[in-house]
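So the chains spell out like this:
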Amino acid sequence: SNDFGAFFASFIAWAVFYFGADVAWICMTWSVASIGTPTEPMKRDKYLRILIKVKMFVSNALPSLLLINGVVVVHGLRLNNYGCGDVDQPIQYPDKEIWFGFFSVLLVTYALEL
């Protein structure tokens, strides 16, 4: 059960990192989009294209990995009877804890984003 808690804590830490990187990307995009005027863009398209390509190809990798890893771990929990093996009823269900709630919300969010 402690292994699952450590996994969920690690997952949330990576998710917070991704959130910070995504907010930084939004700020960079906003900053570049404000260069020039609508009639005189002052070469902002060059920078916007780079930022959009980074968002499309690079920054989708981390949420994809988080989503795949999360689905695999949840599947493993269900197959292994929450780490209890052949015991009829586990003593503690990891999906009843608050970490699992955060984890589930993040999985759904990443699935919708991708």
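Our subject in this report is the structure included herewith. None of these values were measured; they are calculated from a predicted model. (Residues numbered from 1 in each chain as written. Predicted model: local features only at pLDDT ≥ 70, side-chain atom pairs only at ≥ 80, totals over all residues. Heavy atoms only, no water.)

**Structural notes on the overall build of the protein**
Across its full length, the protein carries 4 helices and 0 strands. Secondary structure elements in the protein, listed N-terminal to C-terminal, are α-α-α-α. For the protein, long-range pairs separated by at least 24 residues make up 64% of all intrachain contacts whose partners lie at least 6 apart in sequence. (Helix = DSSP H or I, 4+ residues; strand = E, 2+ residues; numbered from the N terminus. Contact = heavy atoms within 4.5 Å.)

**Points about the environment of I50**
Residue placement: I50 occurs in helix 2 (residues 44-58). In the structure, I50 is positioned 21 residues away from T29 in sequence and 9.8 Å away in space, judged by C-alpha atoms.

**A look at the packing of aromatic side chains**
By the definition in use, this model includes 1 aromatic pair. Plain terms: the ring middles of W14 and F17 are 5.8 Å apart, the flat faces sit at 85° to each other, and that makes the pair edge-to-face. You can see W14 and its partner F17 sitting in helix 1 (residues 2-33), 3 residues apart, about one turn around the helix. Here the guanidinium or amino end of K55 rests over the ring plane of W25, the centre of that ring lying 5.2 Å away. (Phe/Tyr/Trp six-rings, centres within 6.5 Å; stacked < 30°, edge-to-face > 60°. Lys NZ or Arg CZ within 6 Å of the ring centre and 35° of its normal.)

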